[in-house]
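Observations on the three-dimensional arrangement
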Amino acid sequence: EIDGNHNLEGKKVVHVSGWAPTQDGLGYSLNRCTGERFAGYTMVPSSAELPNDDALGKLLDGTVDAMWVFVDQGENYRNAGCVPKNPYKQSTSPEWDCAKWAGFGTKFAYVQTGQFAHAMNGTTFAASKKGSGLNAIINPCMERFMETKEYYEVCAKHGLAHDCYPNTYFPEEFLTRSVPVWEMETRNLPTICGNGYCACPV
């Protein structure tokens, strides 16, 4: 069993194949209880088929000691219900094993939260050769767009107004965004492991 003070030395950590955060991201991250980097661990890939289920399965059966996964994945999969598993069904709906994810907060919990070193401002918008100067072109354009009414309208249209960076066109309700527990650093958590999010050991 691992707690928030562990730096993962000598441990096996499964990453969810094909999903962010990618396996290299753990090496950029700091332990939010001790302030030290994670080191000396071995990364193990999940299968490509139902990778979240497979990764959690490896954790629950003891094949690995920890799982590197989105910090709201457990809550999302536990709360969202299930699509019946049917390999012959053509569907774009996600499928996962309800019984596994129902153990969130009892059989497994997060021991690290507030990890953002692996992702600078979210998903990559553009990629270019180093030194190309593309950042100097794209960033000012993005900054100007993010101050417009159109930016708010795009966020609202896709149900992301709570997650976008608010500007003066956002209604008041979006300007005072409450921070979800999974975005708080582990040392600031008001929760216990039974809630699915373990605070730092004292």
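For the structure given in this document, a descriptive report is provided here.

What counts as what
- Residues numbered from 1 in each chain as written.
- Predicted model: local features only at pLDDT ≥ 70, side-chain atom pairs only at ≥ 80, totals over all residues.
- Heavy atoms only, no water.
- Pairing = 2+ DSSP bridges.
- Helix = DSSP H or I, 4+ residues; strand = E, 2+ residues; numbered from the N terminus.
- Axes fitted to C-alpha atoms, helices over the stretch in contact; angles between N-to-C directions.
- Contact = heavy atoms within 4.5 Å.
- Disulfide = S-S within 2.5 Å.
- Buried < 20%, exposed > 50% of the residue type's maximum accessible area, 1.4 Å probe, protein only.

Turning to the sheet that holds strand β1 (residues 12–15), a few remarks are in order. Strand order across the open sheet formed by 3 strands is β2-β1-β3, with parallel pairing between neighbours. Each edge of the open sheet carries a strand with a single partner, namely β2 (42–45) and β3 (66–68). Strand-to-strand twist across the sheet, computed as the mean angle between neighbouring axes with direction ignored, equals 35 degrees. Sheet topology places β1 next to β3; 3 bridges connect them, and they run parallel. Considered in β3, the bridge of His 15 is made with Trp 68. Seen against the sheet, helix α2 (residues 51–60) touches β1, β2 and β3 and runs at an angle of roughly 155 degrees to β3.

In the structure shown here, the tally under the stated rule is 3 disulfides. Cys 155 shares a disulfide with Cys 164; S-S distance 2.1 Å. Judged by the torsion about the S-S bond (-100 degrees), the Cys 155/Cys 164 disulfide is left-handed. Judged by its relative accessible area of 4%, Cys 155 is buried.

This next bit is on the environment of Ala 48. Residue placement: Ala 48 occurs in the loop between β2 and α2. Judged by relative accessible area, which is 72%, Ala 48 ranks as exposed. Note: C-alpha distance between Ala 48 and Ser 17 (31 residues apart in sequence) is 5.8 Å.

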